[in-house]
Amino acid sequence: MKDETKCLHSGYHPKNSEPRVVPIVQSTTFVYDSTEDVAAVFDDPTKGLIYSRFANPTVMAVEDKINELEGGIGAMCTTSGQAASLLSVLNICQAGDSFISTSKIYGGTINLFAFTLKKLGIECIFVNPEASDEEINAAFKPNTKLVFGETIANPALDVFDIERFAGIAHAHKVPLIIDNTFATPILCKPFEFGADIVIHSTTKYMDGHAVQGGGVIVDSGKFDWEASGKFPELTEPDESYHGIIYTKSYGKAAYILKARMQLMRDFGAYPAANSAFLLNLGLETLAVRMQRYCENALTVAKYLQSSDKIESVSYPGLESDPNHALAKKYLKGSSGVISLVIKGGRSNATKFMDSLKLASNEVHVADIRTCVLHPASETHRQLTDEQLVAAGINGGMVRLSVGLENVEDIIADLESALSALD
Ligand SMILES: *Cc1c(COP(=O)(O)O)cnc(C)c1O
């Protein structure tokens with residue numbers, strides 16, 4: 001099936017007389033005929049449902065849909081994109097380990113990696129995505145367990161060279177994890193370029209309607225944990241789960257099943273069935289929406305480039321953009337997000353934003369409605385000036401998330417706000 005069809009049909013296949021739409025299973029628990037039956041499910045949780053802290057039929061239908069869109073072996077939803085990033089790392093890193101991340105990633109992920117994981121004894125080594133292979137190789141330590149990057153960096157909009165980083169990670173026998181939030185599997189399928197694990201904030205385009213927060217981890221099933229020899233948590237008995245060896249019991253699905261059986265069991269960051277139902281409605285139209293976001297944003301980006309009130313426009317879909325070559329290689333479209341730098345710095349940027357009438361000033365991106373955000377004062381407020389520069393952020397930068405309104409109305413709104421600047 002092609003993506004448009006998967007968006008509508010994957011994950012839920014009703015049988016004779018069953019509901020057409022995936023039902024909301026609003027039950028935290030599941031009934032069995034005997035204690036022995038329950039014990040058998042505890043021995044192998046892939047055999048049945050136990051408790052909605054880590055598995056629920058409505059959520060699982062959505063997991064299967066996203067998994068099929070990404071082309072993976074299994075997926076697990078989480079209550080937020082942050083939880084997906086956290087669990088994707090914790091699943092293979094523990095106190096005393098390190099990992100490598102590109103510096104051009106979402107601000108919330110920088111906080112998580114640089115500060116909170118550090119408190120847990122896990123060191124994140126940030127590298128510039130434009131550094132040479134030699135410089136990146138030099139950042140690896142014997143305890144380095146993974147490499148992390150973002151397909152289209154929020155908000156710098158650099159396109160990540162997935163194939164190059166996959167090659168580097170694999171040469172060091174560690175997996176590459178990609179945050180594919182802005183691209184979605186409609187615009188980029190990172191597994192096709194060698195990524196091993198994909199995560200998303202489903203709060204963004206996948207939901208699209210700003211009605212529920214969530215995240216997901218998808219496993220390609222391609223990384224060979226046994227051959228690597230660096231991941232005893234996957235290849236040696238798990239004491240917390242009656243000595244199970246994930247790679248022996250679950251083969252290629254070891255990573256994603258460990259994430260559910262161990263981490264989700266212990267942390268319980270699993271979405272409610274109702275949230276998964278809403279996410280599914282967003283996913284049903286994801287393919288058609290992504291196409292229109294990309295068309296609208298390209299038109300808007302070209303308009304903004306022609307304005308003398310604007311210092312620069314970053315949109316990988318523009319031929320003049322430094323990321324255009326990478327965008328052509330990795331993306332089927334550059335999403336609806338544009339970063340622009342208004343002349344006159346921070347004060348003009350906020351004046352411009354406050355003058356918009358159609359576009360909402362809100363802490364969100366990838367919404368169905370056009371919205372704007374000032375990264376330096378909002379999402380990236382906790383970063384130091386140095387981290388702001390490393391993340392590609394400037395005081396005059398506005399992140400514009402182009403929605404699905406008629407593009408002429410979007411441009412008219414931008415034009416009137418720009419005309420308010422001197
Ligand atoms: C928003 C976002 C996140 C965090 O997701 P939440 O659902 O807000 O927790 C992670 N990565 C990217 C690229 C994001 O845009």
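Throughout what follows, the structure given in this document is the object of discussion. Everything numeric in this text was worked out from a predicted model, so none of it was measured.

Some thoughts on the site of the ligand
In step 1: Around the ligand sit 13 residues, and of these Gly81, Asp179, Ser201, Thr203 and Lys204 come closest.
In step 2: Asp179 has a polar side-chain atom sitting 2.6 Å from a nitrogen atom of the ligand.
In step 3: Interatomic distance of 2.7 Å between a side-chain N/O atom of Lys204 and an oxygen atom of the ligand.
In step 4: In isolation the ligand offers 380 Å² of accessible surface; the protein chains occlude 91% of this area.
In step 5: Its atoms largely coinciding with the cavity grid, the ligand occupies the second largest pocket.
In step 6: Of the residues assigned to the shell around the ligand, the class counts are two nonpolar, eight polar and three charged.

Quick word on the sheet that holds strand E1 (residues 74-78)
In step 1: Pairing is mixed across the open sheet formed by seven strands, whose spatial order is E1-E7-E6-E5-E4-E2-E3. The sheet is open, and its two edges are formed by E1 and strand E3 (123-127), each paired on a single side. For this sheet, the mean inter-axis angle between neighbouring strands, taken without regard to orientation, is 20°.
In step 2: Relative to E3, strand E2 (residues 98-102) runs parallel, the two being bridged by five bridges. Bridge pairing in E3 places Ser101 opposite Phe126.
In step 3: Running over the sheet, helix H3 (residues 57-70) touches E1, strand E6 (197-201) and strand E7 (215-219) and is turned about 125° from E1.

Here we look at empty space enclosed by the protein
In step 1: Within this structure, the stated rule accounts for one cavity of 30 Å³ or more.
In step 2: As for the largest cavity, its lining consists of Cys77, Thr78, Thr202, Gln212, Gly213, Gly214, Gly215, Pro271, Ser275, Ala276 and Leu279.
In step 3: For the lining of the largest cavity, the secondary-structure elements that each account for two or more residues are E1 and helix H13 (273-284).
In step 4: Top contributing element to the lining of the largest cavity by residue count: H13, with three residues.
In step 5: Each residue belonging to the lining of the largest cavity can be placed in one class, and the counts come to four nonpolar, seven polar and no charged.

Some details on the pattern of salt bridges
In step 1: Evaluation of the coordinates by the stated rule reveals 13 salt bridges.
In step 2: Here Arg164 ties to Asp133 by a salt bridge, and the two come within 2.4 Å at their closest N and O atoms. In this pair, Arg164 is assigned in helix H7 (residues 162-171) and Asp133 in helix H6 (residues 133-139), connecting sequence segments 31 residues apart.
In step 3: Among the residues examined, Arg164 registers a relative accessible area of 23% and is labelled partly exposed.

Quick word on the packing of aromatic side chains
In step 1: For the coordinates displayed, the defined rule picks out nine aromatic pairs.
In step 2: Linked through ring pairs, Phe223, Trp225, Phe231 and Tyr255 together constitute an aromatic cluster.
In step 3: The residue whose ring lies beneath Lys204 is Tyr106, and the NZ or CZ to ring-centre distance is 5.1 Å.

What counts and what doesn't
- Residues numbered from 1 in each chain as written.
- Predicted model: local features only at pLDDT ≥ 70, side-chain atom pairs only at ≥ 80, totals over all residues.
- Heavy atoms only, no water.
- Near = heavy atom within 4 Å.
- Polar contact = N/O pair within 3.5 Å; in protein donor to acceptor, adjacent residues only side chain to side chain.
- Areas by Shrake-Rupley, 256 points an atom, 1.4 Å probe, with all protein chains shown as cover.
- 1 Å grid on protein atoms, 1.4 Å probe; cavity = no way out; pocket = protein on both sides within 12 Å on 5 of 7 lines; lining within 4 Å.
- Sits in = over half its atoms within 2 Å of the grid points.
- Nonpolar A, V, L, I, M, F, W, Y, C, P; charged D, E, K, R; others polar.
- Pairing = 2+ DSSP bridges.
- Helix = DSSP H or I, 4+ residues; strand = E, 2+ residues; numbered from the N terminus.
- Axes fitted to C-alpha atoms, helices over the stretch in contact; angles between N-to-C directions.
- Contact = heavy atoms within 4.5 Å.
- Points joined across faces, edges and corners; volume = space filled by probe spheres on them.
- Salt bridge = Lys/Arg side-chain N within 4 Å of Asp/Glu carboxyl O.
- Buried < 20%, exposed > 50% of the residue type's maximum accessible area, 1.4 Å probe, protein only.
- Phe/Tyr/Trp six-rings, centres within 6.5 Å; stacked < 30°, edge-to-face > 60°.
- Lys NZ or Arg CZ within 6 Å of the ring centre and 35° of its normal.

So yeah, pure geometry; function would need other evidence.
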